[in-house]
Amino acid sequence: MNIELFVNGIQWVFLLYFICLGTCYIALNISSFVSVQRLNIRNEVAGMPPIYTEFMYPVSIIAAAYNEETTICDSVRALLQLKYTEFEIIIVNDGSTDRTMEVLINSFGFERVPEAYRHRIATRPIRGVYLSTEYPNLRLVDKQRGWKADASNAGINVARFPLVCVTDADSLLQRGSLQRLVQPFLDDPTTIAAGGTIRIANGCKVSGGFVEHVELPRSPLALFQVVEYMRGFLFGRLGWSPINALLIISGAFGVFHKESVIAAGGYCRHTVGEDMELVARLHRQARLEQKPYRIVFLPDPICWTEAPVHFKDLRQQRMRWQTGLADVLSMHKQLFFHPNSGTVGWIAFPFYLIFELIGPVIEVLGLCIIATAAWFGWIDYGSLAIFVFLSVSVGTMLSASALLLEESSFRVYRRFTDLLVLMTVALVENLGYRQLTSIWRFVALIKWLSGSESRWDPVRRAGFGADIKTRIDVNKK
Amino acid sequence: MICTTARVQALNSITGFEQVSHIALWTAQIILFTTLAIFTLIVLLRARLNFREERAAALISVWRPVLAAAAFSQGSTRSAVLPTVKKRDIVLFLRQWSAVQETVSGDASIRLNGLARRLQLDEVALKLLDHRRISMRLLATVVLGHMRVAEAWLPVWEDLDSQNTLVSLVSANALTQICPSRAIPELIARIPVRHDWPADRIASILAAADPHNSEEPFKSALLEATPNPQHTISLLKFVPIFASPSIDELVTKILINASDPSLIAACLRVLSNPAQLPFARKLVTHDEWYVRVLAIRFLGQTGTVDDTKRVVRALMDEEWWVRYRAAQALCHFPWIDLKGLRKIQQEQSDDFARDILEQAISEAKFE
């Protein structure tokens, strides 16, 4: 009888969990829909006074690179073509062991300058600062290996402008995306950070460092990630922005108020979730000091990135994300229900703890226990089927609502067949893929709890229109 | 282990499994129907989009040559028979017409307005001002602004103080098109209190306005704002748009009387006249580094030989930015050549001063 009571209890927990999860996501969806409608109206109206470009804040774009000899030139050329009034590009060579430095020096005519380097944020030693003889707004910082956070901090130290845009050397920004991401800083001077959407570039036609034609990837794994990213960005992040509780700005594309980042101590070098950690720290600093501030997310400035297409790489990525989340929630536990922590400490943190961090545990254990119970005859297979049905329905509904958001706003994928493919993927991803990622996240959490160190390993990427090759991202430890 | 159906049913009834399963089933069914509804909605939205795009393409194919002819040819369309705009296409047409208007100016804009009047778009837009959808009202405001419809002044004016930033900005833009002499003073008067108005958008309205309409109201607003440093700061950022000696004089007066470092910095940011040099010189030793850096920057832009010593002293400032701007200023002074810079560098006892000058000299070579 005890086992049966236990199983019954588990079923209730499982059911209540799904109902709560659904309710929270519906609330996020509503918030996202309101934001998207506002954005639609703004985009529809042609009669806004034009932007007076002299008032735009100049931006320092920081791109960290580690062993990027094959792609770095295209990436830098693409950055140089960005549509923006005044910006500088700072490439940080994070101790590459390949020909990255040589390629950069030869391609852009870099010459070493005696920079009076300021250690405003502590970093690994700088070997030299270079200026391009061809492009006055292009600089190169050569430093000892310190990983992505350290490289970004070095870039922030040498940045001249009040706003810094942190991106990856292997990501592709849309031409006008920087201008869009800077707009919140002009609209509201209390804005300290703004993040844009990351989309999957696999399958897209890339030319001259820009995505020229958007197409869906052929790899099923990449297709699943297209829907996953839509869900993650279109309501997973957009929904938090109106209540100023956005916790993640992707390391691949975010603009920050430089002095706020420096005051917070820059990127943390002791976590694999340094992008989320910085945002959480910015929140904590402002909330606890009760300073007015905004951290916003905009869905239309797009940065394209390449999704992993191998299970091993995807597993590493997902486990790293989960470890990063655990790090962040643990490092900033002071924010949980702190009287001054507002929506971040009272809504976002508990949500991330229950549904994002512990969620995979509940999902995996719940399904295992119910499957075991069915196997041993404590419940019938009908009940098992119902719970699997519930799990799939919730997952499909969340993906469907992300597709609806996409359809009512940006419509990046223009073909009708693309739409049908995405709808199919929204259903199919719940029949194995989602459970698989949950298991990876569950394992990552167990590893994190046991204190084992997370590693950044080389990720195989196909490259934008290139042959399969191994690229070691600057992020990978 | 193989269980019998009877045993499972008995267990279910004892422990309430059935109850949980029923709730789960109902929840899953509701979610499933919601999902199917969302999928249907997505398909309908895409179908509607495709239909609209086809309609828009058809409209554009007919009207683009007519609009282009109206904008760029001298009066040739005045007597020409215009294609009809179907009632259901009127919003599409208004958008298309506005989009063309945004790209032209002067006579072309006037001719497009003539075409719009022939099509009685002003009447359509006036009616649209009462539409329940905000996007329609905004479109109407935009059209009425372009067409400079005087009758629209009052209803558009009511939107100027809307709490919705977008509505108030579109209204402000339209009002400055309808009657700039009335609208600009009202707009300027609101700048200090409308913290939600992005400065870049307001700047573009002020930059497009005739200085005759904007200079005096701006001066008055600046004078009125003087007792409140924050209000003054919010106006000061627009000073460079006017490039007016009388406004520069006013800025100098504000600077002389200012004690708030933020206000001093705001004044220094917009100084441009060499006559203001004496006031900037006094500030190179100010307590706040952000004041010092702006003062040094101004000296670098407009300073004289007499300022060299002041700037050289700033090379030893405790703040990196002050040192950097001082080094840049020295590199840009036309009376100091590379030899002179090296001499200054050698004379420095402070390592930071020597390093920063070395950096500035190296960077200057790339300019």
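Higher on the page you've got the structure.
Residues numbered from 1 in each chain as written. Chains lettered and ligands numbered in written order. Predicted model: local features only at pLDDT ≥ 70, side-chain atom pairs only at ≥ 80, totals over all residues. Heavy atoms only, no water.

**Notes on the overall build of chain B**
(1) Moving on: Counting secondary structure elements, chain B contains 21 helices and zero strands.
(2) Moving on: For 367 residues, the compact-globule formula gives about 21 Å, and the C-alpha radius of gyration of chain B, at 33 Å, lies well above that figure.
(3) Moving on: By principal-axis analysis of the C-alpha atoms, chain B measures approximately 95 × 85 × 45 Å.
(4) Moving on: Excluding contacts between residues fewer than 6 apart, the proportion of contacts in chain B whose partners are at least 24 apart in sequence is 63%.
(5) Moving on: Here chain B displays about 18,400 Å² of accessible surface, and carbon together with sulfur accounts for 56% of that area.
(6) Moving on: Averaging the positions of the 41 positive and the 38 negative side-chain charges in chain B gives two centres separated by 7 Å. (Helix = DSSP H or I, 4+ residues; strand = E, 2+ residues; numbered from the N terminus. Rg over C-alpha atoms; globule rule 2.2 N^0.38 Å. Contact = heavy atoms within 4.5 Å. Areas by Shrake-Rupley, 256 points an atom, 1.4 Å probe, with all protein chains shown as cover. Lys, Arg positive; Asp, Glu negative; His and termini not counted. Charge placed at Lys NZ, Arg CZ, Asp CG, Glu CD.)

**Topic: the sheet that holds strand β2 (residues 87-94) of chain A**
All names here are of chain A.
(1) Moving on: Strand order in the open sheet made by the ten strands is β3-β4-β5-β2-β1-β6-β11-β8-β12-β7, with mixed pairing throughout. Edge strands, defined here as strands with exactly one partner in the open sheet, are β3 (110-113) and β7 (172-173).
(2) Moving on: Bridge count for β7 against strand β12 (residues 294-305) is two bridges, and the pairing is antiparallel. Counted as the bridge partner of L172 is W304 from β12.
(3) Moving on: Helix-sheet contacts for helix α6 (residues 220-235) involve β8 (191-200) and β12, and the interaxial angle to β8 is about 160°. (Pairing = 2+ DSSP bridges. Axes fitted to C-alpha atoms, helices over the stretch in contact; angles between N-to-C directions.)

**Digging into the packing of helix α5 (residues 121-128) of chain B against helix α6 (residues 134-147) of chain B**
Residue and element names in this part refer to chain B.
(1) Moving on: Where α5 contacts α6, the two axes come as close as 8 Å, and the packing angle between them is 145°. The element α5 and its partner α6 pack so that their crossing is left-handed. Residues L121, D122, A125, L126 and L128 of α5 pack against M136, R137, A140, V143, L144 and M147 of α6.
(2) Moving on: Residue composition of the contact of α5 with α6, grouped by class: nine nonpolar, no polar and two charged. (Left-handed = near helix turned anticlockwise from the far one by under 90°. Nonpolar A, V, L, I, M, F, W, Y, C, P; charged D, E, K, R; others polar.)

**Some points on the interface of chain A and chain B**
(1) Moving on: Taken together, the 65 residues of chain A in the interface contact 66 residues of chain B.
(2) Moving on: Summing both partners gives a buried area of about 6,000 Å² for chain A against chain B, and 71% of it is carried by carbon and sulfur.
(3) Moving on: In terms of surface lost to chain B, no three residues of chain A exceed P49, F55 and R160 of chain A, which account for 10% of the buried area on that side.
(4) Moving on: Counting every contact that joins chain A to chain B gives four salt bridges.
(5) Moving on: Taken together, chain A and chain B are joined by ten residue pairs in polar contact (both at pLDDT 80 or more). (Buried area = accessible area lost by both parts, 1.4 Å probe. Salt bridge = Lys/Arg side-chain N within 4 Å of Asp/Glu carboxyl O. Polar contact = N/O pair within 3.5 Å; in protein donor to acceptor, adjacent residues only side chain to side chain.)

**So, the environment of T396 of chain A**
(1) Moving on: Position of T396 of chain A among the secondary structure elements: in helix α12 (residues 381-407).
(2) Moving on: Sequence separation between T396 of chain A and T424 of chain A is 28 residues, and the spatial gap between their C-alpha atoms is 9.6 Å.
(3) Moving on: With residues up to four places along the chain from it excluded, the contact list for T396 of chain A reads A426, L427 and N430 of chain A together with T35 and F39 of chain B.

**As for the side chain of Q183 of chain A**
(1) Moving on: Its location among the elements puts Q183 of chain A in helix α5 (residues 177-187).
(2) Moving on: On the basis of relative accessibility, which here comes to 8%, the residue Q183 of chain A falls in the buried class.
(3) Moving on: If near-sequence neighbours (up to four positions away) are discounted, Q183 of chain A is found in contact with R42 and I51 of chain A together with P198, D200 and R201 of chain B. (Buried < 20%, exposed > 50% of the residue type's maximum accessible area, 1.4 Å probe, protein only.)

**Section: the packing of aromatic side chains**
All names here are of chain A.
(1) Moving on: A full pass over the atoms with the stated rule returns 28 aromatic pairs over all chains.
(2) Moving on: Centroid distance Y17 to F18: 5.5 Å. Interplanar angle 70°. Geometry classified as edge-to-face.
(3) Moving on: On the accessibility criterion, Y17 (6% relative accessible area) is buried.
(4) Moving on: Owing to a relative accessible area of 3%, F18 belongs among the buried residues under this scheme.
(5) Moving on: Among the aromatic residues, those joined into a ring-pair cluster are Y17, F18, Y25, F235, W240, F351, Y352 and F355.
(6) Moving on: Across from the ring centre of Y66, 3.5 Å away, lies the NZ or CZ of R145, which sits over that ring. (Phe/Tyr/Trp six-rings, centres within 6.5 Å; stacked < 30°, edge-to-face > 60°. Lys NZ or Arg CZ within 6 Å of the ring centre and 35° of its normal.)

**Some words on a positive patch on the surface**
(1) Moving on: Residues R48, R52, R132 and R133 of chain B make up a contiguous surface patch of positive charge.
(2) Moving on: With respect to the helices and strands, the residue R133 of chain B is situated in the loop between α5 and α6. (Patch = residues over 30% accessible without salt bridge, like charges linked within 9 Å, V, L, I, M, F, W, Y side chains within 5 Å.)

**Details of the side chain of K148 of chain A**
(1) Moving on: Mapped onto the fold, K148 of chain A is located in helix α4 (residues 147-158).
(2) Moving on: At a separation of 3.0 Å, a polar atom in the side chain of K148 of chain A contacts the main-chain carbonyl oxygen of G251 of chain A.

**Topic: unusual backbone geometry**
(1) Moving on: Backbone geometry places F337 of chain A, a non-glycine residue, at a positive phi of 55°.
(2) Moving on: Looking at the element boundaries, F337 of chain A is found in the loop between α9 (311-331) and α10 (342-357).
(3) Moving on: Taking relative accessible area as the criterion, F337 of chain A reaches 45% and is therefore assigned partly exposed.
(4) Moving on: For Q120 of chain B, which is not a glycine, the phi torsion comes out positive at approximately 55°.

**Here we look at the environment of S75 of chain A**
All names here are of chain A.
(1) Moving on: Relative to the assigned elements, S75 resides in helix α2 (residues 72-80).
(2) Moving on: Relative accessible area serves as the criterion here: at 10%, S75 is assigned to the buried category.
(3) Moving on: Setting aside residues no more than four positions away along its own chain, S75 makes contact with A169 and D170.

**Some points on helix α9 (residues 180-190) of chain B**
Residues and elements named next belong to chain B.
(1) Moving on: A183, I184, L187, I188 and R190 are the residues of α9 that are buried. Down the axis of α9, the smallest arc covering the buried residues is 160°, so these residues share one side.
(2) Moving on: Against the buried residues of α9 lie α7 (153-160), α8 (165-178), α10 (199-208), α11 (211-225) and α12 (229-236). (Arc of directions from axis to C-beta.)

**Notes on α11 of chain B**
(1) Moving on: In this model, α11 of chain B (15 residues) spans 20 Å end to end at C-alpha, consistent with the 21 Å of a helix rising 1.5 Å per residue.
(2) Moving on: The inward-facing, buried residues of α11 of chain B abut α9, α12, α13 (239-242) and α14 (245-257) of chain B. (Expected span 1.5 Å × (residues − 1).)

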